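Now for the letters of each chain:
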Amino acid sequence: MTPLQRWVDEQAKLMKPDRIRWCDGSDEDARGIIEAGLKDEKIAGNPVFYELNHDIFPNSYLHRSHPTDVARTEHLTFVCHPNKELAGPNNNWMAPDEAKAKMRKLSDGCMKGRTMYVLPYMMGHPQSPYAKACIQLTDISYVAVSMRIMTRMSKSVIDKIGDSDDFVKGLHSVGDFDPDKRFVMHFPDERLIWSVGSGYGGNALLGKKCISLRIASCVGRREGWLAEHMVIVGIQDPQGKTTYITAALPSACGKTNLAMLQSALPGYKIWTLGDDIAWLNVGSDGRLWAINPEAGFFGVAPGTSMNTNPNMMETLKAGTFYPTLFTNTALDTDANEPWWEGLDGAMPKNMLDWQGKPFDPASGRKAAHPNSRFTVAVSQCPTLSPEFDNPRGVPISAILFGGKRTHTIPLVAESFDWQNGVFMGARMGSETTAAAMLKQGVLRRDPMAMLPFCGYNMGDYFRHWLDVGKKLKNPPKIYSINWFRTNENGKFIWPGFGNNIRVFKWILDRINGKADAKETVAGLVPHLKDFDISGLDMSKEEAAKLFEINKAEWEREADDTDKFFDTFGSSMPQELKDELKGMRERLKK
Ligand code: OXD
Ligand code: MN
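Residue positions within a chain follow its written sequence, with the count starting from 1. Here the convention is simple: chains get letters from A, ligands get numbers from 1, in the order in which they are written. Owing to the predicted nature of the model, reporting of local features is limited to residues with pLDDT of at least 70; listing and counting of side-chain atom pairs is limited to 80 or more, with chain, interface and lining totals taken over all residues. In computing side-chain values, all of the structure's heavy atoms are included and hydrogens and water are not.

Engineer: Kindly report on the coordination of the manganese ion (ligand 2), identifying the contributing residues and their values.
Structural biologist: Note: metal donors comprise N, O and S atoms at 2.8 Å or less from the metal (3.2 Å for Na, K and Ca); water molecules are not included, so apparent gaps in a site are possible. Protein coordination of the manganese ion (ligand 2) is provided by Lys209 (NZ), His229 (NE2) and Asp276 (OD), with donor distances spanning 2.1 to 2.2 Å. Expressed as a motif, the donor residue spacing for the manganese ion (ligand 2) is K-x19-H-x46-D. Within this pair, whereas Lys209 is found in helix α8 (residues 207-223), its partner His229 is found in the loop between β13 (226-228) and β14 (230-236), the two being separated by 20 residues in sequence. Buried means the residue's accessible area, taken with a 1.4 Å probe over protein chains only, is under 20% of the maximum for its type, while exposed means over 50%, and partly exposed covers the values in between. The class of Lys209 is buried, set by a relative accessible area of 5%. For His229, a relative accessible area of 1% corresponds to the buried category. The numbering of helices and of strands both runs from the N terminus, where a helix is a DSSP run of H or I of at least 4 residues and a strand a run of E of at least 2.

Engineer: If you had to explain the sheet that holds strand β21 (residues 330-332) to someone new, which residues and values would you point to?
Structural biologist: Spatial ordering of the open sheet is given by β22-β21-β23, a layout of three strands whose pairing is antiparallel. Of all the strands in the sheet, just β22 (337-339) and β23 (351-352) have a single pairing partner and so form its edges. The sheet contact formed by β21 and β22 spans three bridges and is antiparallel. Residue pairing in the sheet places Leu331 in a bridge with Pro338 of β22. When DSSP locates at least two bridges between a pair of strands, those strands are taken to pair.

Engineer: Before we move on, can you summarise the sheet that holds strand β24 (residues 373-377) with the specific residues and values?
Structural biologist: With mixed pairing, five strands are arranged side by side in an open sheet as β4-β5-β20-β24-β19. Of all strands in the sheet, those with a lone pairing partner are β4 (50-51) and β19 (296-300), marking the two edges. Summarising the sheet, strand β20 (residues 324-327) and β24 pair through three bridges and their orientation is antiparallel. Among the inter-strand pairings, Phe326 is bridged to a residue of β24, identified as Phe374.

Engineer: Explain helix α1 (residues 3-15) residue by residue, including any values.
Structural biologist: Every helix has an expected span of 1.5 Å times one less than the residues it contains. Taking 1.5 Å per residue as the helical rise, α1 with its 13 residues ought to reach 18 Å, and the 18 Å between its terminal C-alpha atoms agrees with that figure. Here α1 has its buried residues at Leu4, Trp7, Val8, Gln11, Ala12, Leu14 and Met15. Burial along α1 is one-sided: seen end-on, the buried residues are contained in an arc of 160 degrees. Positive backbone phi, at 55 degrees, marks Lys16, one or two positions downstream of α1. Working definition: the arc comes from the directions between the helix axis and the C-beta atoms, pointing outward to the latter.

Engineer: Outline the site of ligand 1, supporting the account with residue identities and numerical values.
Structural biologist: If a single non-hydrogen atom of a residue is within 4 Å of a molecule or strand, that residue counts as near it. Around ligand 1, the surrounding shell holds ten residues, and the nearest of these are Arg72, Lys209, Ser251, Asp276 and Arg373. Side-chain polar atom of Arg72 to an oxygen atom of ligand 1: 3.0 Å apart, as the coordinates give it. The contact in question runs from an oxygen atom of ligand 1 to an N or O atom on the side chain of Ser251, over 2.5 Å. Here the Shrake-Rupley method, with its probe set to 1.4 Å, supplies the accessible areas, and only the displayed protein chains count as covering residues. Protein chains bury 95% of the 210 Å² of accessible surface belonging to ligand 1 in isolation. Only Asp, Glu, Lys and Arg are considered charged in this grouping, and only Ala, Val, Leu, Ile, Met, Phe, Trp, Tyr, Cys and Pro are considered nonpolar; every other residue, Gly among them, is considered polar. Taken together, the residues of the shell around ligand 1 break down into three nonpolar, two polar and five charged. In protein, a polar contact requires one atom able to donate a hydrogen and another able to accept it; more generally it is a pair of N or O atoms within 3.5 Å, and residues adjacent in sequence count only if both atoms are side-chain atoms.

Engineer: So what about helix α10 (residues 310-317)? Which residues, and what values?
Structural biologist: Burial analysis of α10 places six of its eight residues in the buried class, the great majority of the element. Taken as a whole, α10 has its buried residues at Pro310, Asn311, Met312, Met313, Thr315 and Leu316. What makes two residues a contact is simply this: any of their non-hydrogen atoms within 4.5 Å. Residues of α10 that are buried in the fold lie against α9 (255-259), β19, β20 and β24.

Okay, here's the thing in structure tokens:
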């Protein structure tokens with residue numbers, strides 16, 4: 001028996017499934033799993049999958065989650081380091097022994113009457129030295145099919161693991177969906193995740209947030225690289241040169257739209273490499289290189305349309321060997337198509353809401369859940385970069401940190417240097433969205449968009465960022481971005497979406513030494529003469545508002561940052577406290 005077989009055996013003894021199904025990532029295998037989800041498995045009385053109109057959305061299925069299970073549950077997510085200080089104030093912590101005892105109790109017999117799926121997959125290109133061989137056990141077809149879309153799942157991973165114990169272990173059961181018995185536990189020292197009680201994306205697709213961010217951030221700290229919540233794109237300019245950048249934005253702030261932006265300026269084109277996660281390493285050339293460990297998109301459906309993201313609409317309809325899943329969208333019952341708020345065209349006449357109940361538009365409720373999602377393979381994306389499958393990744397020339405801020409933060413600002421850029425990322429904040437079970441619209445500090453995903457103390461994480469910078473001979477420039485500033489009438493000033501290329505254009509001009517900039521407390525901002533608003537219905541005065549610095553707001557920003565930094569106590573690097581002092585001094589000028 002190999003260590004892998006022994007481990008699966010031990011878990012089966014605890015969880016007591018009726019059947020064990022070793023998956024191999026093949027089309028045939030996936031078809032069988034979908035079949036089980038259409039016929040045998042149920043959630044709250046509904047089948048796990050419902051077949052949609054394959055003429056419009058080929059090979060696509062609707063999944064309705066348990067009504068209490070619609071977003072990541074950060075309050076039930078724990079990082080179980082040997083001591084609390086390692087987890088830091090940014091994580092919930094439980095001692096590993098206590099956490100395991102709790103999970104063992106919840107897992108005892110949890111798969112009775114169900115199938116245990118054994119999923120072998122790689123995070124990252126198998127030939128990348130950073131790639132991780134992983135095994136996830138799960139008891140729901142939805143997760144098995146989703147993981148096949150989101151990762152590189154294949155039988156060859158089992159051969160690769162062979163007789164070794166070198167694989168990341170994921171235990172997952174939906175249990176009885178009881179929110180009081182729902183936990184997502186991480187054991188970084190053992191590279192183990194144990195998740196019970198939820199079938200929702202970030203809680204259940206363990207390759208994503210749990211492995212590629214929380215566990216990988218701990219591994220990266222030890223090995224000298226970074227696991228980040230970032231988009232990776234190439235920007236091709238009118239001369240045909242492609243420059244690669246990454247961008248960190250909190251959940252549900254338009255990362256997927258940014259990853260496949262359709263340029264509003266002629267001559268520019270975006271090449272997609274990833275919409276959620278980037279692993280960044282220092283190359284032998286002293287540059288920062290990025291790979292996307294995932295192979296699929298798990299994007300927010302509401303707001304996705306031909307207008308906001310035509311490339312995603314094409315991706316969803318491409319229909320290949322991989323199925324496409326829609327989770328908690330509404331259903332247009334006449335066309336048998338998924339529907340969500342913000343989709344093109346008129347609202348269908350006859351619909352079921354995300355829970356499968358007849359929808360009454362007069363009710364004032366939304367038909368699709370605000371955090372309803374699609375799961376689709378990157379290979380279906382028309383803008384997929386030819387470099388996506390390059391195990392080395394792509395060299396990064398700029399890192400962007402953004403958030404949803406209706407006030408204070410300019411459309412774009414460049415940091416003075418790497419250290420100042422790390423400070424920019426560390427003081428990042430965003431108004432909360434529906435991706436997590438939190439009160440919405442409240443400003444929360446979310447450094448590098450990693451607050452829910454950094455697997456260790458964030459003070460140490462900031463130190464790690466500063467250390468990585470010291471190893472870079474040719475560091476990327478760092479920017480803060482904010483598409484969400486509003487005017488005195490509460491309306492967004494910036495049109496966003498395809499017009500965000502204008503911000504990229506200025507960034508490329510800065511990288512290529514073609515544009516000057518103005519020093520402000522927020523960083524280096526564009527001179528209006530260098531910022532292309534041609535063809536936009538926007539006056540120079542309005543454009544100026546995008547870059548306006550309000551002193552009182554920035555004083556509040558400094559005080560709030562100060563308070564936030566204090567929460568990390570002595571682990572907060574002195575260099576970033578000095579940056580804050582520098583910011584206050586600039587404010588006095
Ligand atoms: C996601 C998230 O699902 O950030 O990507 O919540
Ligand atoms: Mn995300």
